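An overview of the molecular structure
Each chain, written out:
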Amino acid sequence: MSASPPVLLRRLSLGGFRSYDGFAWSDPGRVSVITGPNGSGKTNLLEALSLLVPGRGLRGARLAELPRGGAGHWGVAARFSHGEDGFDLSTGTTAETAPGRRVFRLDGQPPRHRGAIAERLSAVWLTPQMDRLFTEGPGGRRRFLDRLVLAAEPGHATEVAAHDEAMRSRNRLLGQEQPDRAWLAALEASMARHAVAVTAARRGLVSRMNRRLQDDPGDADGFPPVRLRLECPIATRLDEHPAVAVEDWLRSILAESRAIDARAGSARHGAHRADLFLSDARSGQDAALASTGQQKAMLIGAVLAHASLLAELAGEAPMLLLDEPLVHLDAHHRLTLLRALAAMPSQVLLTGTDPEGFAPLAGVAAFFRARQGPDGLSTLEATGAAE
Amino acid sequence: MGGPEIERLIELLSRLPGLGPRSARRAALTLLRQPQTRLLPLADAMQRAGQSVRTCSRCGNLDSRDPCSICTDDHRDGSVICVVEGVGDLWALERAAVHRGLYHVLGGTLSALAGIGPEDLNLRPLLSRLEEGGVREVILALGATVDGATTAHWLADRLQPFGVTVSRVAQGVPMGGALDVLDDGTLAAALMARRAG
């Protein structure tokens, strides 16, 4: 496919969101570096952008945590350009929003279907919390993988949500004394169908990324070439059987495990059991056993490979939100990362405590400094270049 | 603001779908400014509808006649029944004018999370119609939501003993899409491309 012009952030407005109110930011540039002391509002800004795509944003926050001061309504509104075109995207709550929900507006209108936003904008992020991605449970790794898949397949989030809804419904029904068996079978059919779709998308992305990482391992002094491995019995089945056969198989093992699942209150089989492993393609070392710095380098290597894969496949890379990307990286990896970002055909936002580390981006990036005023409100000030 | 009558009117209007407190105030103001041309005719229409509109005992449609004017229309194909979730979906299909058979309004979809079970659905009259005979095909035109798909699957299972062809609307209904918000062309394509359930 021919390269499409990048989707670039032109304007961001925040109202009643975290440490921001009445905030407007115009033309942040394709690569923006936001520096400032702890608590100045850098991550809040990245989080606001991460909430423009469906999900819980880069902090995984509950909606109640988002309004300024913990109460009231909040809004994030952005204008993006896409070549000659552009679109407005906003999210937030209003007096008429149901509790526990937020609404989206795409060009001022409610999106026509759940995938409509993902078709226009995708975002991938790395946060300092993700430094623990390899040592914690599989949920975080699965979410990380799904975020990468979603950038390639706009319908993926809908499939994941449908799978989880069918699974929760089945769990609920299994909790009843004499559940309707035909109803259970119908839910298991839904669950199997969506689980296979979700797994096929995850598996497709993992194999495309591995192929790309193998063909183009990067220069020797770049990031360690990583290998991704999806651990999931459904994916293993898909290696050898057509999707419809895997669906039938999953439906039958779900039906067989009703009694066990009813006792456990959860499903033993399904797309929610998948896990993602990263390893160093050269040494074969598993990320979980690597040092924090190596883990970070592997994660960044995966994110950069993903972005260049997408740029190649769809002509468009996701917006990258990298919160404190330089922490834990040695000087060499820092330079490699910044060079790669400078060449990236997409919107990139970076944060750090000091601008010095970002000096190699002088002339490429726009630099901003975040401050928190005595009223607790964050502001942003353009600083020209790295000082 | 303007007395309890106005407050009551605004409150009732604000409970309507698509209207919040602010738009309800605007609507109330429009009505009250032109009582002869807007408010009273509306009140009269509502009263008449309230007195005469019933749920059709055969298909679940809303009409001032029972059985409804669709069920009693001789020009329609009585051998094909299209099952929809709500009357809004029936209206959407009628607007698109692509289905010339009869309908059955289920009155909801199975939802374990919302506590809606088989006994809450308007199923019995549909089974009776199939028992009467003369029905060749049942089209399940339920939304492409998890609950819609689950209900279609469950219903296909329940209808199996009757030996009728059970098909489902297919293409063009986006995941998570409700039928009554689709455009007519999409709906027509979905109905044409139905597949065996």
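Residues numbered from 1 in each chain as written. Chains lettered and ligands numbered in written order. Predicted model: local features only at pLDDT ≥ 70, side-chain atom pairs only at ≥ 80, totals over all residues. Heavy atoms only, no water.

1. Side note on the overall build of chain B
Along the backbone of chain B there are seven helices and seven strands. Across chain B, the fraction of contacts at a sequence separation of at least 24, relative to all contacts at a separation of at least 6, is 55%. Approximately 10,300 Å² of chain B is accessible, and the part contributed by carbon and sulfur atoms is 53%. (Helix = DSSP H or I, 4+ residues; strand = E, 2+ residues; numbered from the N terminus. Contact = heavy atoms within 4.5 Å. Areas by Shrake-Rupley, 256 points an atom, 1.4 Å probe, with all protein chains shown as cover.)

2. Here we look at the sheet that holds strand 3 (residues 31-35) of chain A
All names here are of chain A. With respect to topology, six strands assemble into an open sheet ordered 7-10-11-3-12-13, the strand pairing being mixed. The open sheet has two free edges, formed respectively by strand 7 (123-126) and strand 13 (378-384), since each of these has just one partner strand. Put simply, the sheet's adjacent strands are angled 20° from each other on average, direction ignored. Across five bridges, the pairing between strand 3 and strand 11 (residues 348-352) is parallel. (Pairing = 2+ DSSP bridges. Axes fitted to C-alpha atoms, helices over the stretch in contact; angles between N-to-C directions.)

3. Considerations on the interface of chain B and chain A
At the interface, 22 residues of chain B touch 22 residues of chain A. Across the interface of chain B and chain A, roughly 1,800 Å² is buried in total on both sides, 64% from carbon and sulfur atoms. At the boundary of chain B with chain A, the tally comes to zero salt bridges. Our count for the contact surface shared by chain B and chain A stands at two residue pairs in polar contact (both at pLDDT 80 or more). Put simply, the parts of the chain that give the side of chain B that touches chain A at least two residues each are helix 2 (21-33) and helix 6 (146-159) of chain B. Here the side of chain B that touches chain A takes seven residues from helix 6 of chain B, the largest share from any one element. The class makeup of the residues in the side of chain B that touches chain A is twelve nonpolar, six polar and four charged. (Buried area = accessible area lost by both parts, 1.4 Å probe. Salt bridge = Lys/Arg side-chain N within 4 Å of Asp/Glu carboxyl O. Polar contact = N/O pair within 3.5 Å; in protein donor to acceptor, adjacent residues only side chain to side chain. Nonpolar A, V, L, I, M, F, W, Y, C, P; charged D, E, K, R; others polar.)

4. Topic: the UniProt feature "binding site: ATP" (unreviewed entry) in chain A
Residues and elements named next belong to chain A. On the UniProt side, "binding site: ATP" (unreviewed entry) is annotated at positions that read Gly36, Pro37, Asn38, Gly39, Ser40, Gly41, Lys42 and Thr43 here. Mapped onto the fold, Pro37 is located in the loop between strand 3 and helix 1 (42-50). Look at Pro37 and you get partly exposed, because its relative accessible area is 45%. Mapped onto the elements of the fold, Asn38 is located in the loop between strand 3 and helix 1. What makes Asn38 exposed here is its relative accessible area of 69%. (UniProt positions renumbered as here; feature names shortened; annotations may be inferred. Buried < 20%, exposed > 50% of the residue type's maximum accessible area, 1.4 Å probe, protein only.)

5. Topic: the domain arrangement of chain B
Splitting chain B by domain gives domain 1 (4-52) and domain 2 (75-168). When each unit is reduced to the centre of its C-alpha atoms, the spacing between domain 1 of chain B and domain 2 of chain B is 34 Å. (Domains from an automatic or database assignment.)

6. Concerning the UniProt feature "zinc finger region: C4-type" (unreviewed entry) in chain B
Residues annotated in UniProt with the feature "zinc finger region: C4-type" (unreviewed entry) correspond here to residues 56-71 of chain B. With 0% helix and 12% strand, residues 56-71 of chain B has end C-alpha atoms that lie 9 Å from one another.

7. Regarding the packing of aromatic side chains
Residue and element names in this part refer to chain A. Tallying each qualifying case throughout the model produces four aromatic pairs over all chains. Note on Phe17 and Trp74: the rings are 5.6 Å apart at their centroids and 55° apart in plane angle, and the pair reads as tilted. A residue pair is termed long-range when its members are at least 10 positions apart, and Phe17 in the loop between strand 1 (7-15) and strand 2 (23-26) and Trp74 in the loop between helix 1 and strand 4 (75-82) qualify at 57 residues. Judged by relative accessible area, Phe17 falls into the buried class, the value being 0%. Since its relative accessible area comes to 3%, Trp74 is described here as buried. Directly above the ring of Phe277 sits Arg141, whose terminal nitrogen or CZ lies 5.8 Å from the centroid. (Phe/Tyr/Trp six-rings, centres within 6.5 Å; stacked < 30°, edge-to-face > 60°. Lys NZ or Arg CZ within 6 Å of the ring centre and 35° of its normal.)

8. Things to note about the pairing of strand 5 (residues 85-92) of chain A
Residue and element names in this part refer to chain A. By the bridge criterion, eight bridges tie strand 4 to strand 5 in an arrangement that is antiparallel. Within the sheet, the bridge partner assigned to His82 lies in strand 5 and is Asp85. Counted along the chain from strand 4 to the antiparallel partner strand 5, the turn is two residues long, and its residue Gly83 has a positive phi close to 65°. With four bridges joining them, strand 5 and strand 6 (residues 103-106) adopt antiparallel strand pairing. Following the sheet pairing, Thr91 is matched in strand 6 by Phe104.

9. Overview of the confidence of the model for chain B
All names here are of chain B. Chain-level pLDDT for chain B is 88 on average; 85% of the residues reach the 70-or-more range. Across chain B, strand 4 (residues 101-105) holds the top mean pLDDT of 97, while strand 7 (residues 195-196) sits lowest at 54. Scored below 50 in pLDDT, residues 171-177 makes 24 contacts in the model with residues more than four places away or belonging to other chains. Confidence estimates for the predicted assembly give a pTM of 0.83 and an ipTM of 0.75. (pLDDT = per-residue confidence, 0-100.)

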